[in-house]
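Given next are the chains, with one letter for each unit.
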Amino acid sequence: MNGKYVAGFIVITAAIAGIAMYWKLQESTHYTPASFQKGAEIELTLIESGQPEPILVDQIEGITAEASPLGYRACFHTPLSQAMLTETYKVYEKPTPLIAPSWFGCFDADAIGEALEKGDAIAFLSKANVSPVDPAKPAAPEIDRVVAVFPDGRAYAWHQLSPVAEQ
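Overview of the structure. (Residues numbered from 1 in each chain as written. Predicted model: local features only at pLDDT ≥ 70, side-chain atom pairs only at ≥ 80, totals over all residues. Heavy atoms only, no water.)

**Quick look at the pairing of strand S7 (residues 143-149)**
Okay, step 1: Within S7, 7 of the 7 residues are buried, which leaves it mostly tucked inside the rest of the structure.
Okay, step 2: Burial along S7 is two-sided: Ile-143, Arg-145, Val-147 and Val-149 facing one way and Asp-144, Val-146 and Ala-148 facing the other are all buried.
Okay, step 3: As judged from the 5 bridges shared by strand S6 (residues 122-127) and S7, these two strands associate in the antiparallel manner. When the bridges of S7 are listed, Ala-123 appears paired with Ala-148.
Okay, step 4: Sheet analysis places S7 next to strand S8 (residues 154-161), joined by 7 bridges and oriented antiparallel. Directly across from Ala-148, in S8, lies its bridge partner Tyr-156. (Buried < 20%, exposed > 50% of the residue type's maximum accessible area, 1.4 Å probe, protein only. Helix = DSSP H or I, 4+ residues; strand = E, 2+ residues; numbered from the N terminus. Pairing = 2+ DSSP bridges.)

**Comments concerning unusual backbone geometry**
Okay, step 1: With a phi close to 50°, Gln-59 is a non-glycine residue in the positive phi region.
Okay, step 2: Positionally, Gln-59 belongs in strand S4 (residues 58-65).
Okay, step 3: On the accessibility criterion, Gln-59 (64% relative accessible area) is exposed.
Okay, step 4: One non-glycine residue with positive phi stands out, namely Lys-94, at about 60°.

**A look at the side chain of Asp-144**
Okay, step 1: Here Asp-144 is to be found in strand S7.
Okay, step 2: No salt bridge is formed by the buried Asp-144; the nearest opposite charge belongs to Arg-145, separated by 9.7 Å.
Okay, step 3: There is a polar contact of 2.7 Å between the side chain of Asp-144 and the side chain of Tyr-92.
Okay, step 4: Separated by 3.5 Å, the side chain of Asp-144 and the backbone nitrogen of Asn-129 make a polar contact.
Okay, step 5: Once you skip the residues sitting within four places of it in the chain, Asp-144 turns out to touch Tyr-92, Leu-125, Lys-127, Ala-128, Asn-129, Val-130, Trp-158, His-159, Gln-160, Ser-162 and Pro-163. (Lys, Arg positive; Asp, Glu negative; His and termini not counted. Salt bridge = Lys/Arg side-chain N within 4 Å of Asp/Glu carboxyl O. Polar contact = N/O pair within 3.5 Å; in protein donor to acceptor, adjacent residues only side chain to side chain. Contact = heavy atoms within 4.5 Å.)

As structure tokens, then:
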């Protein structure tokens, strides 16, 4: 009889420890708040010059992962219209928002992806070959920063493999 209680205690303790380790190692440890000061603003790539330039944004929050160049996510609002953006900046082919950690609630990759498929949102190339978080490391030549903009100004940014890398 006492063995059942001991075994039950061990199983419950192991389950709690497993959940805690998952949360710490997979969901929260590797992410830090992203910086958006001068030089790290949200940018879009111009059609004419092919160079990225900062755009107007507000209500911005973001995260980045030191362990992976794909860990960047941002949520923000822009007063710029989709019509103006499509005339000025490069539209991004094959946008694929990547899942964010569950605690970063403003970024819903499934909803963003669905809106992009339906045409409710438009994706733009923010910057090709983005630099990693650590400036001592070389730029990632196959990682693009992508920005999706909704008609009401809600916008989301993430890193993804460039279409060239996926071939």
